[in-house]
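Remarks on the overall topology
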Amino acid sequence: MGGARDVGWVAAGLVLGVGACYCIYRLTRGRRRGGRRPRRRPSPSAEDLTDGSYDDVLNAEQLQKLLYLLESTENPAIIERALVTLGNNAAFSANQAIIRELGGIPIVGNMIDSPNHSIKEKALNALNNLSVNVENQDIIKIYISQVCEDVLSDPLNSAVQMAGLRLLTNMTVTSDHQHMFNSYMTDFFHVLLTGNGNTKVQVLKLLLNLSENPAMAEGLFGAQVDSSFLSLYDGHVAKEILLRVLTLFQNLNNYVKKDGHLVNRSTSTFHKGSLFSLLYGQECAQKMRALVHHPDVDVKEKVVIIT
C-alpha cells in the first residue's frame, strides 16, 4: 500500500512539474513577444500605389507621391495607372480638396493634351471627379474651351469623347460657367444627332443643364439644328432619350410663356433652321399631338405640360 501511494505521489509530482515548466515557458515566451517592437509596414512607393493591389484611400503624403510621379515619368503605362489611381481617390470629397491644395489639378489638366487617347481619357475622368467640388471648378474652368473643341473632334462615340462630355456636364450643373458654352450650341446638337444612344443621352444631360438657366435660352433657341432633330420626338424612340428631349422642350417653352419679348424677337433673331423654328413649327406640333397617345404615362404627362 505504501509503495503504491509513493508511486502515485511521484506521478502527481511529475504532472505538476511538467505543468509548471509549461507555464514558465509560456510566460518567458510571452515576455519576449511582448518586448519585441512590431515591424513597421514599409511605406509604399509611388509606383506601388498604382499597381492595383493597394486598396486603401490615399493620404496627403501618398497623393503628393502620385502627383510627383505624374510629373516625372514619361512611361505611358505608369501615367495611365497613376491617373486611374488619382481619379479613384478624387471620388472622395476630402481628397478633392487635398489634390487641389497640392497643386494637382493643373498636373492632371496638362494630361488632356496627350496624343495618347487612353491617357487623355483617364485625365478627363480624374478631372470629372475633381469637378464635383465647386472650388475645384474655378480652376478646371480654364479647360472648358479645349474640352469642348476636343469633344467635337474626338472619334464619335469613343471613350475619350464620352469622358469629355461627362466633365462638361458636371461643369454645367451650376450656372457659374455656362456662358462659356454659348459658341458651341450648334456643334453639340450635331453630336446629339450623329452619336449613338449613349452619346445622345450624355449630350442631352449637358443641354438640359443649360436649358435650366434662363440666360441660356436665347443661345439654345438660336442654335442651327438639322430637321432630323424632330425624329427624336417619334413614339418609338427610347424612353431615356424621349423624356429628355421633351424636358428640353418643356424648359425652353416655360421661358417663352414667361417672356413675351422672346416671341416678339423670334422672327429677327431665330432664323430658319434654328431650334426655335423647329420646336414651334408645324411638324413638331403634329408629333406632340401623336405623343399624347403614347403608352408611357411619364411621356404623356410631359406632352400635356408642353401643349
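So, how was this worked out
- Residues numbered from 1 in each chain as written.
- Predicted model: local features only at pLDDT ≥ 70, side-chain atom pairs only at ≥ 80, totals over all residues.
- Heavy atoms only, no water.
- Helix = DSSP H or I, 4+ residues; strand = E, 2+ residues; numbered from the N terminus.
- Buried < 20%, exposed > 50% of the residue type's maximum accessible area, 1.4 Å probe, protein only.
- Contact = heavy atoms within 4.5 Å.
- Areas by Shrake-Rupley, 256 points an atom, 1.4 Å probe, with all protein chains shown as cover.
- Axes fitted to C-alpha atoms, helices over the stretch in contact; angles between N-to-C directions.
- Parallel < 35°, antiparallel > 145°, perpendicular 65-115°, else oblique.
- Left-handed = near helix turned anticlockwise from the far one by under 90°.
- Nonpolar A, V, L, I, M, F, W, Y, C, P; charged D, E, K, R; others polar.
- pLDDT = per-residue confidence, 0-100.
- Core = buried A, V, L, I, M, F, W, Y, C linked by side-chain atoms within 4.5 Å.
- Arc of directions from axis to C-beta.
- Phe/Tyr/Trp six-rings, centres within 6.5 Å; stacked < 30°, edge-to-face > 60°.

So, the overall build of the protein
- Along the backbone of the protein there are 18 helices and zero strands.
- Here the protein, with 307 residues, has 44% of them falling under the buried criterion.
- Contacts spanning at least 24 positions in sequence make up 70% of the contacts within the protein whose residues lie at least 6 apart.
- With the model as given, the accessible surface of the protein reaches about 16,500 Å², and the carbon-plus-sulfur share is 54%.

Some details on the packing of helix H9 (residues 159–171) against helix H11 (residues 197–211)
- Between H9 and H11, the least distance of the axes is 9 Å, while the angle of their chain directions is 20 degrees. When the interaxial angle is binned, H9 and H11 end up roughly parallel. Note on packing geometry: the crossing formed by H9 with H11 is left-handed. Facing H9, whose interface residues are Gln-161, Met-162, Leu-165, Arg-166, Leu-168 and Thr-169, H11 presents Asn-198, Thr-199, Gln-202, Val-203, Lys-205, Leu-206 and Asn-209.
- Looking at the contact of H9 with H11 residue by residue, the classes come out as five nonpolar, six polar and two charged.

So, the side chain of Asn-213
- By the secondary structure assignment, Asn-213 is in the loop between H11 and helix H12 (217–222).
- For Asn-213, a relative accessible area of 14% translates into the label buried.
- Those residues in contact with Asn-213 that lie beyond four places of it in its chain are Ser-175, Gln-178 and Tyr-255.

Focus: the confidence of the model for the protein
- Looking at the protein as a whole, its pLDDT mean stands at 86, while 79% of the residues score no less than 70.
- Here residues 1–41 is modelled with pLDDT under 50, and outside its nearest four sequence neighbours on either side it reaches two contacts, counting other chains as well.

Here we look at the environment of Leu-242
- Looking at the element boundaries, Leu-242 is found in helix H13 (residues 239–258).
- In this structure the C-alpha to C-alpha distance between Leu-242 and Ser-231, which are eleven residues apart in sequence, comes to 9.9 Å.
- Not counting chain neighbours up to four residues away, the residues in contact with Leu-242 comprise Leu-232, Tyr-233, Asp-234, Gly-235, Val-237, Leu-291, His-294 and Val-299.

Section: the nonpolar core
- Core analysis: the biggest nonpolar cluster contains 83 residues, and Phe-188, Phe-189, Phe-229 and Tyr-233 have the highest contact counts within it.
- If one sorts the elements of this core by residue count, H13 sits on top with ten residues.
- The contacts of Phe-188, once residues within four sequence positions are left out, are Cys-148, Val-151, Leu-152, Leu-165, Leu-168, Phe-181, Val-203, Leu-206 and Leu-207.

Here we look at helix H10 (residues 185–194)
- Inspection of H10 places Met-185, Phe-188, Phe-189, Val-191 and Leu-192 among the buried residues, and these make up the whole buried set. Buried positions in H10, seen along its axis, are confined to an arc of 155 degrees and lie on one side of it.
- Packed against the buried residues of H10 are helix H8 (144–153), H9, H11, H12, H13 and helix H16 (275–279).

So, the packing of aromatic side chains
- In this structure the tally under the stated criterion is nine aromatic pairs.
- When the ring of Phe-221 is compared with that of Tyr-280, the centres are 6.2 Å apart and the planes differ by 55 degrees; the resulting orientation is tilted. Of the two residues, Phe-221 is situated in helix H12 and Tyr-280 in the loop between H16 and helix H17 (282–291); the sequence distance between them amounts to 59 residues.
- We classify Tyr-280 as partly exposed; its relative accessible area is 33%.

Considerations on the side chain of Gln-96
- Here Gln-96 is to be found in helix H4 (residues 93–101).
- You can call Gln-96 buried: its relative accessible area is 5%.
- Apart from residues lying up to four places away in sequence, Gln-96 is in contact with Ala-90, Ala-91, Asn-129, Leu-130, Val-132, Asn-133 and Asn-136.

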